[in-house]
Amino acid sequence: MDFSRNPESDAIRNAVAQLCAAYPDSYWQQLDVTGAYPSDFVAALTRDGWLSVLIPTEYGGAGLGLAEAGAILEEINRAGGHAAAAHAQMYTMGTLLKHGSEEQKHRYLPAIASGELRLQAFAVTEPDAGSETTRIRTMARRDGDAYRITGQKIFISRAEHSDLMLLLARTTPYDDLEDKTRGLSVFLVDLRTAVEKGQVEIRPIRVMLNHHTTEVFINELEVPTANLVGEEGEGFRHIIDGWNAERILVASEAIGDGRWFTERAARYATERVVFGRPVGANQGVQFPIAQAYADLEAASLLRDKAAWLFDSGRACGPEANMAKLQASRASWAAANACLDAHGGYGFASEYHVERKFRETRLLIAAPVSNNLLLAYLAQHVLHMPRSY
Amino acid sequence: MRIVVLVKPVPDTTGQERLGPDLRVDRAAVPAVVNANDEYALEAALKLVEAAGEGEVTILAMAPAAAPETLRKALAMGAQRAVLISDPSLAGSDTLSTVRVLAAGLRRLEYDLVLAGADTSDGGAGVVPAGVAVSVGLPYLSYASKIEPGAGRVLVHRLSPSGYDVIEAALPALVVATQALGEPRYPSLRGIMAARSKEIITWSLADLELGDTPVGGAAATTDVVSVRQPATRAATRVVREPATVAAAQVVEFLAERRLI
């Protein structure tokens, strides 16, 4: 087992930390207040190539793996930022890369790598189909050289800030299917023209954190058959392929949040003097911070193992799920320790703790609920009965 | 425009520095980084080449064999190649020895301009650039806040206590960069990836035409006689509360000590 330093990984982390230093807490706070999109920050990441990390070099990307992509996202969140926009542009193309045709890949991936095209929206969930993806109702009907798609999607992040969107729609009615995991297909939608033609309407939803969340209404959207990604009817399988990668990346974001919380909490607890001594001199304050730090280190090792398995082409379902589970729990514990250490000031927005607190809470519930991760481990690793 | 930048890998100033039994910094004990002032020189060199639309930047360093790891960062910022002079017998070199070795290295390279940082965070003597310029026979232009190359000449604004002097010299010349030239860039992902395949040429002493010139620890004309820690500063209280609260705390702190 080799835990020695990797100079290239250090170089990546240092460079991202330096870039993030130009976007301090106040930048993110302002975005949070106004609900604005981090356009400058995303432009800087794009300019320096950070969002192309997972795209193979033959398509103009850096051709690196989840270990490096995770390090980038972790550093963004550790610096007090919010990596969701970066995460999406980095990773959404994965379905296209793995299941798209050569023609599609050559057409889109170089432009995604350069940032000329933004692909950071993936429309899967619907008002009546969240975790139960196979129940989606958005319907795509073949019509000559095109599909006509009608339906409604909810909790779709960044649709207003994306040129392209991957869309999961039903190509066979649910009741006609013997195997309910079939009958869904993935489409690549050009949102710019679809919105202009009135075939797609995007309505923002205000949620408890600045995630640029929207509802997407789709009405007789015409998508050329050339934009079907992978095989018709295999869409569910195509998207679950990407879930392990997403969980490893989300674990990295949680670890970055957790490091921000423990660093801030430790600093504040050391400097803040109450009853004539630092508040951190009290075990009731310092132990939860130390415990959160230890939990984060453990989650980080699990994340590293999951990324290593993924990057070396090995199966990583249990590890990816456990990494997301443990990292989101550790970060949430760190968030609470940080808030408690700050006392009343933790609730004041200018301390930024409450903003990060809201942001990291999401990672327990999304992109997959931790309960479903436990259900997976119980059923598929421990071979207990299915519980849902 | 061909520019050589003198770069020194120095111990990262993290507070973990240790001294070896010879009372010198134990360079193996802490990770090395590019000397911060040299990064300003490198940034200035990269900007000059970008503005000229042609040319190349070469890093020249004298350092232990593990230095390529540190030089990759300088290459990731955009330098085209690095030349590392490394030889076991150079351990314990003092500034005179460093001057002789870097000068011998420069004589093997082709360039229009040499840039160097004002001093290093480990030794801090600040005499190596001047020594190299004299040794090679280059005009020496120090403390530059602005560098303007022209046809066969370079014009420099040299910082002075009252403002700046405008000085000019024929090329090739050696210019000492200052922080006034602009913040060093951080490497992009493309830069880091490109640095993987950039050339790091390693020369030993046998590759340099030093003749009988004595270099290395055995030839050092200076000796470390004693070392002591600077006095520890009293505990610092940092007020991070919002201004409205912080002002009252600062006033209270000063009033308690009868300073106001």
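The structure this text deals with has already been given above.
Here the structure is a predicted model, which is why all the values come from computation and not from measurement.

**Notes on unusual backbone geometry**
Right, so step 1: Here the amide bond leading from Ala366 of chain A into Pro367 of chain A is cis, since omega sits at 0°, within 30 degrees of zero.
Right, so step 2: Residue position: Pro367 of chain A is located in the loop between α12 (353-365) and α13 (370-381).
Right, so step 3: Looking along the chain, the bond that leaves Leu171 of chain B and enters Pro172 of chain B is cis, with omega of -5°.
Right, so step 4: Mapping Pro172 of chain B onto the fold places it in the loop between β9 (163-170) and β10 (173-177).
Right, so step 5: One non-glycine residue, His212 of chain A, lies in the positive phi region at around 55°.
Right, so step 6: Its place among the elements puts His212 of chain A in the loop between β6 (200-204) and β7 (213-224).
Right, so step 7: In this structure His212 of chain A comes out as buried when scored by relative accessible area, which is 12%.
Right, so step 8: Of note, Tyr143 of chain B is a non-glycine position whose phi angle comes to about 45°, a positive value.
Right, so step 9: Along the polypeptide, Tyr143 of chain B turns up in strand β7 (residues 140-150).
Right, so step 10: What makes Tyr143 of chain B partly exposed here is its relative accessible area of 42%.

**A word on the packing of aromatic side chains**
Residue and element names in this part refer to chain A.
Right, so step 1: For the structure on display, the rule yields 10 aromatic pairs over all chains.
Right, so step 2: Centre to centre, the rings of Trp28 and Phe41 are 5.0 Å apart; their planes meet at 80°, and the pair counts as edge-to-face. Of this pair, Trp28 sits in helix α2 (residues 25-34) while Phe41 sits in helix α3 (residues 39-47), and the two are 13 residues apart along the sequence. Taken individually, Trp28 and Phe41 each receive the classification buried, so the pair is uniform in this respect.
Right, so step 3: Three or more aromatic residues joined by ring pairs form one cluster here, namely Tyr23, Tyr27, Trp28 and Phe41.
Right, so step 4: The residue whose ring lies beneath Lys180 is Tyr174, and the NZ or CZ to ring-centre distance is 4.5 Å.

**Describing the environment of Phe236 of chain A**
Right, so step 1: With respect to the secondary-structure elements, Phe236 of chain A resides in helix α9 (residues 235-271).
Right, so step 2: Along the chain, Phe236 of chain A and Gly63 of chain A lie 173 residues apart, while their C-alpha atoms are 26 Å from each other.

What counts and what doesn't
Position numbers for residues count from 1 along each chain, tracking the sequence in the order it is written. All chains are assigned letters beginning at A, and all ligands numbers beginning at 1, according to the order in which they are written. Since the coordinates come from a predicted model, pLDDT governs what is reported: local features require at least 70, and pairs of side-chain atoms require 80 or more to be given and counted, while whole-chain, interface and lining totals use all residues. Neither water nor hydrogens contribute to the side-chain values; these are computed over all heavy atoms in the structure. Starting at the N terminus, helices and strands are each numbered in turn, a helix being any DSSP run of H or I of at least four residues and a strand any DSSP run of E of at least two. Relative accessibility under 20% of the residue-type maximum defines a buried residue, over 50% an exposed one, and the middle range a partly exposed one, all with a 1.4 Å probe and only protein chains included. Each Phe, Tyr or Trp ring (for Trp, its six-membered ring) is paired with any other whose centre lies within 6.5 Å, and the angle between the two planes then decides the class: stacked below 30 degrees, edge-to-face above 60, tilted in between. In our convention, an over-ring charge means Lys NZ or Arg CZ found within 6 Å of a ring centre and within 35 degrees of that ring's normal.

No statement about biological role is implied by the geometric values presented.
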